Amino acid sequence: MSSPRTVKHRRNLLAIALALIAVSPRHACAQVAAVAARPFQAVPALPYRVVTNFFKFPKDMIAGETAGVAVNAQGHIFLFQRTKPMLAEYDAKGNFVHSIGEGLFSHPHGLRIDADGNLWTIDDGSHLVLKLDPSGTVLLVLGRINTGAEADWLFNKPADVAFAKNGDIYVADGYGNSRVVKFDRDGKHLKSWGKYGTATGEFNLPHTVAVDKAGRVYVGDRENQRIQIFDSEGNFLKQWTGIGYPYGLVITPDQHVWMADGGYDRIVELDPGGKILGAFGEPGHQPGQMAWAHFLAIGPHQTIYVADVLNWRFQVFARTAPTTNLTQYIPSVRMFWGAAPSVGWSSKQTEMPTK
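Calculation notes
Here the residue index of a chain counts from 1 through its sequence in written order. Per-residue local features of the predicted model are confined to residues with pLDDT of at least 70, and side-chain atom pairs are confined, for both listing and counting, to 80 or more; whole-chain, interface and lining totals are unaffected and use all residues. In computing side-chain values, all of the structure's heavy atoms are included and hydrogens and water are not. The way it works is that DSSP assigns letters per residue, a run of H or I at least four long becomes a helix, a run of E at least two long becomes a strand, and they are numbered from the N terminus. Each residue is placed in one exposure class: buried if its accessible area under a 1.4 Å probe, protein chains only, is under 20% of its type's maximum, exposed if it is over 50%, and partly exposed if it falls in between. Two residues qualify as a contact provided that any one of their heavy atoms is within 4.5 Å of a heavy atom in the partner residue. For two strands to count as paired, DSSP must find a minimum of two bridges between them. The convention used is that axes are lines fitted to C-alpha atoms, helices contributing only their stretch in contact, and that angles between N-to-C directions extend from 0 to 180 degrees. Should a side-chain nitrogen of Lys or Arg be within 4 Å of a carboxyl oxygen of Asp or Glu, the pair is scored as a salt bridge. In predicted models, pLDDT denotes the confidence assigned by the predictor to each residue on a 0 to 100 scale.

Chemist: Could you give an account of the environment of V43, naming the residues involved and the relevant values?
Modeler: The residue V43 is located in the loop between α2 (25-35) and β1 (48-51) in this model. Residue classification places V43 among the buried residues on the basis of a relative accessible area of 12%. Along the primary structure V43 and I276 are separated by 233 residues, whereas in three dimensions their C-alpha atoms are 7.5 Å apart. Ignoring anything within four residues of it in the chain, the contact list for V43 reads I276, G278, A279, N325, L326 and T327.

Right under this line is the structure:
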């Protein structure tokens with residue numbers, strides 16, 4: 001049996017804990033919301049089928065990891081990959097047109113096309129965001145090559161870029177820094193917000209960014225498994241949780257948000273309120289399956305293009321007739337993630353004779 005003194009001490013500790021929770025409920029709730037994971041349920045199966053052998057690659061192309069994909073107003077597809085050619089244009093039927101920007105890139109990551117048809121490349125290896133015209137001429141440089149740091153003019157492994165109607169630029173400065181950086185259309189720094197963490201307005205790898213027609217900024221806070229939504233000045237508005245891992249985001253004219261969920265390897269459609277409307281895909285290596293669905297783009301006829309990193313391919317999905325089916329794949333475990341040191345013959349050589 002506890003002594004009266006021990007009981008009193010425990011009561012005091014409990015009172016202190018309750019007081020701390022009471023004075024900072026928003027922070028406590030934010031912490032829980034960012035990390036708690038609810039079990040997923042079956043959702044409507046989005047009507048898509050994989051189209052194999054769509055792209056007619058040049059004969060001298062070397063296979064390797066894929067990174068970003070974008071579609072212009074003419075339906076031409078631009079592929080960004082970690083092998084040669086790193087950036088290339090294909091027509092609407094998948095025929096190779098030409099390579100772009102040879103020698104400009106180190107480790108391709110993200111790719112976007114603005115309203116004027118310019119290409120924006122995000123290179124997390126060289127810490128650069130480049131604006132190119134369709135021929136590959138460099139129009140704007142943000143950051144300094146091979147210089148990763150945190151400053152108004154520097155990034156550390158940036159991940160993605162998005163644009164507002166007035167031309168303002170938002171960069172998800174994601175791997176080395178944990179922030180969003182805003183510039184005007186000419187590249188003048190306007191502001192930055194965010195830091196590493198799990199509370200609202202904080203990030204654990206801001207991996208993707210998109211802007212809706214109202215100017216709200218959607219940030220895929222990847223390792224916190226949420227999308228955070230801000231106004232154009234970086235003020236937190238709300239967050240969507242229980243959606244998976246947002247690797248890549250696209251907002252369509254109807255203001256639906258399409259997400260490449262690279263943790264659970266599926267494509268997800270969300271309504272303007274953050275409700276999951278449907279999904280397709282699953283982890284794996286067969287056609288239609290994915291291993292790190294990295295970024296996506298949506299072209300004419302709602303065709304979806306996906307950079308499928310670990311499978312070294314760009315997958316194409318054509319829309320089909322709607323059905324009432326539910327998804328058979330229900331995410332539960334993050335695939336293709338985690339590792340342990342190898343313990344084998346070579347790891348024991350310091351303990352064995354070499355001859």
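Chemist: Account for the sheet that holds strand β24 (residues 313-319), with residues named and values stated.
Modeler: Taken in spatial order, the 4 strands line up as β1-β24-β23-β22 in an open sheet, and their pairing is antiparallel. Each edge of the open sheet carries a strand with a single partner, namely β1 and β22 (293-298). The mean inter-strand angle of the sheet, taken between neighbouring strand axes irrespective of direction, is 30 degrees. Across 4 bridges, β1 lies against β24 in antiparallel orientation. Among the inter-strand pairings, Y48 is bridged to a residue of β24, identified as R319.

Chemist: Describe the side chain of S178, listing the residues and the values that go with them.
Modeler: In this structure, S178 sits in the loop between β11 (169-173) and β12 (179-183). Excluding anything up to four places from it in sequence, S178 contacts D173, G194, K195, Y196, F203 and P206.

Chemist: Break down the pairing of strand β20 (residues 266-270) for me, with residues and values.
Modeler: For β20, a buried count of 5 out of 5 residues is recorded, marking the element as mostly surrounded by other parts of the structure. Of the two faces of β20, both are covered, the one formed by R266, V268 and L270 as well as the one formed by I267 and E269. One ladder, built from 5 bridges, connects strand β19 (residues 257-261) with β20; its direction is antiparallel. Looking at the pairing, W258 lines up with E269 of β20. Strand direction decides the pairing type here: β20 and strand β21 (residues 276-280), joined by 4 bridges, are antiparallel. Opposite E269, over in β21, you have G278 as the bridge partner. The turn joining β20 and β21, which pair antiparallel and follow one another in sequence, is formed by 5 residues; a positive phi near 95 degrees is taken by G274.

Chemist: Could you give an account of the pattern of salt bridges, naming the residues involved and the relevant values?
Modeler: All chains considered together, the criterion is met by 13 salt bridges. Across the pair E233 and K182 runs a salt bridge whose closest N-O atoms are separated by 3.0 Å. Taken together, the positions of E233 in the loop between β16 (226-230) and β17 (236-241) and K182 in strand β12 put the pair 51 residues apart, joining distant regions of the chain. Its salt-bridge partner being D261, residue R266 comes within 3.4 Å of it at the nearest N-O pair.

Chemist: Residues and numbers for the confidence of the model for the protein, please.
Modeler: Looking at the protein as a whole, the pLDDT averages 91, with 88% of positions reaching at least 70. Across residues 4-11, where pLDDT falls below 50, the model places 2 contacts with residues more than four positions away in sequence or in other chains. Below pLDDT 50 for its whole length, residues 13-35 participates in 15 contacts with residues either more than four positions away or in separate chains.

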